Structures are given as C-alpha cells and as structure tokens.
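A structural walkthrough
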Amino acid sequence: MLKSIIQRLESAEERFKFLEKEISSSDILKDKKVYAAFTKEYSDLKPLVEKNLEFKKIKEELEEAKVLMNDSDIEIKDFAKEEFDKFNDSLTALELDLKKLLIPKNEDEEKDIFLEVRAGTGGDEAGIFVGDLFRMFSRLSERKKWKIELISSRESEKGGFKEIVAKISGNNVYRYLQFESGVHRVQRVPETESQGRIHTSACSVAILPVVESLDEVEIDKSEIRVDTFRASGAGGQHVNKTDSAVRLTHIPSGIVVECQDGRSQHKNKAKAMILLQSKLNERASNEQNSELEKKRKNMVGSGDRSEKIRTYNFPQNRVTDHRIDFTSHNLEAFLDGDMEDIFKTLLEENQSRMLLNLEDETTNN
C-alpha cells in the first residue's frame, strides 16, 4: 500500500479517537450542532477505522507466517506457506476495501432530485420522446418505490412535450440518477413517415439534487421577479380560472423556473423557490469545480448536457450508453424502467475512476 494512503488511514484513526473522546464528554452536549456534526463524522469514520484495524491484524499474521516459512520443520514450513497465501489474499481484498472507503463521499447521493427533460433537435419526434423518457423515469420510480411529483410541463404539437419538470423523492434517488444528465438520442421511424425512413431526434435530461434548506444558497429576494399565470394542460376545473401557476426569474443569472402543478399559488411559489435554489446550487458547484474537472473526472463522463450519453434505437431494439461498454437489446423493458443493469455498470465504472483518482492524488502529494 502507498505510504501516502497509510498516512491518511493513520490520520483518520487519530481523528476517530479524538471524536470518540469528545462525544463521550458531557460538555459537548451543551452545543447540539457540534455534537450532531461530531456524531455524524464519527459514524462515517467508523467503518474505515474498523477495516484498517482488521488490515493491521492480518498484516501481523502475514509477517508471522513469513517467519515460519523459514522453519527447518517441513510440516511447519508447509503450514506456514498455506497461511501466508491465505493472509496475502485477505490483505489484497482488505486493501481494496480500504481504498473504496477512502473515496470522498458524495453528500448529494441520498438527496431527492429535480428531473428536467427538454426537447432538442428533431421537431415533433423530440417532443414525443420527452414523454417517453418521462414515462421511463416514472416507471423506474414505481419500481424503486420513489415518489414522483410533476412540477411543470409545456406541451408541443403531435401529443408531445417541449419540457417536463418533476421532483423525485425516495431512497438514494440522486445516487442512481446522477449519471442521467446529458443528451439522450432516439432513432426510429415516425408515425407520419410514409417512406419508412429512420429519423434521429434528441432530448436533454438534467438531474439536480434538491437543496435541503433554503439557507444552502443565499438569494437576494429583490433579484427575483415573480410572475403568476394560469396553468395549462390537464389539472382540473381550476386550471383556467385562477392564476395559480408561478414563474420565478433570477435576474442576475437569467435562470427561469416555474411551477404549475398545485392549486395553491403559495405552494407553487414555494416549490419553484426550491427548484431555483437547486439550480443556483448546481451552478455554484459547477463553477467551483470547473478547474478541477479539467484535470480529472470524478463521474462517468463529464455530465455536460451537450454530451451525447445514450442512444435508443427502435429498429434494432437496442439501447447503447456511449460512456461505458453497455448495450441492451431489450429496449421495451428499458423504457419501462428496467434500468438496474445500467445503474450497476455506471456505479462500478464511477468507483473505478475514483479509485484511480485517489491513487493519482496520493502519488502526487
């Protein structure tokens, strides 16, 4: 194991002992925020420290077996060789486990998300595919027992949509959907195509982690323009009678969000404000990490929305993800939310990249 990684493990162990002492002190209970922060950090470090102690114990046993391999007694020597091989295999596996635990935890992984699906190139077909993708994420939510809540939608001609925005809540939503941001391309023969020619259309998908509190990003209320309007589309008899829909424009950044799902203007405004906060949070995070992302990629692909990440080919019944070695020839099931295989592959690929980044960092430091 690299010396720099060992140093990081030792630092973690020292910090763990400090936290253990602090949270057992009665004085810290006076400050609930500090106590909560220390308890969380202690809980996060515990698996790493316990795994490191296991690693050290196996390493000692390996060294003992190594000494016994030089014994003059043949039986002891053979036994020591077997033990050495066993401990060596265990040590290799434990080293990998430790490196995985050293990968910085993405604090957004357990968060809910805002899903945005927008039509790109391809006219009516792109609008229809927006609906297909939204149904795919809806069916996935049903399978995962997530809650999906429509925030806003804008219909296009031919039964499609220019845009659909929704909130998805549940267990580890961002962990699974974080890699869906990007351009999704569809290849199929439109119903209106008389000569059977295949058309290529595209939609952009954005996945935004929901801010946990409105304090995460400070917004000057004077910099927000609030417009109200009547909701369009399905929604009940109230739709064309009250200006319940809300549009917020953040003047400095030009970001516009709207919510037209609920009957209450007040509730729609609150939802729109959280969406705006999430967009500003993502923008600030992207600006902060832009230079770092040029040097190394912590995620599969760049996540840039101009990047073509996946193609849905209807004539060949095929789904291809262009960032990884993944192809499925069951397009119907995939669009019905059966996406476990691709999530597994994307998460494994992301972890492999982050392990490489960890080793590069520790080698260069």
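Quick summary incoming for the structure in this document. Bear in mind the structure is a predicted one, so any value in this text is a computation, not a measurement. (Residues numbered from 1 in each chain as written. Predicted model: local features only at pLDDT ≥ 70, side-chain atom pairs only at ≥ 80, totals over all residues. Heavy atoms only, no water.)

Counted at 1.5 Å a residue, the expected span for helix α4 (residues 124-144) with its 21 residues is 30 Å, and the 31 Å between its end C-alpha atoms agrees. For α4, the set of buried residues is E125, A126, G127, F129, V130, L133, F134, M136, F137, S138, L140 and S141. Directly after α4, the chain includes K145, whose backbone phi takes a positive value near 60 degrees. (Helix = DSSP H or I, 4+ residues; strand = E, 2+ residues; numbered from the N terminus. Expected span 1.5 Å × (residues − 1). Buried < 20%, exposed > 50% of the residue type's maximum accessible area, 1.4 Å probe, protein only.)

Here the structure, examined in full by the defined rule, presents 6 aromatic pairs. Aromatic pair F16 and Y42: ring centres 4.5 Å apart, planes at 10 degrees, arrangement stacked. Here F16 is found in helix α1 (residues 3-23), whereas its partner Y42 is found in helix α2 (residues 32-68), with 26 residues between them in sequence. Here the two residues F16 and Y42 agree in accessibility, since each one is buried. With centroids separated by 5.2 Å and ring planes inclined at 65 degrees, the aromatic side chains of F129 and Y312 adopt a geometry described as edge-to-face. (Phe/Tyr/Trp six-rings, centres within 6.5 Å; stacked < 30°, edge-to-face > 60°.)

In space, the 8 strands of this open sheet follow the order β2-β3-β1-β5-β4-β9-β10-β11, with mixed pairing throughout. Across the chains shown, the open sheet's two edge strands, defined by having one partner strand only, are β2 (147-155) and β11 (326-328). Here the average twist between neighbouring strands, direction ignored, is 15 degrees. Pairing between strand β1 (residues 113-119) and strand β3 (residues 161-169): 6 bridges, direction antiparallel. Each residue of the ladder has a partner; that of F114, found in β3, is K167. Contacts between α4 and the sheet are confined to β1, β2, β3, β4 (182-188), β5 (199-209) and β9 (308-313), with β5 contributing the most and set at about 45 degrees to the helix. (Pairing = 2+ DSSP bridges. Axes fitted to C-alpha atoms, helices over the stretch in contact; angles between N-to-C directions. Contact = heavy atoms within 4.5 Å.)

Purely spatial values, then, with no claim about function.
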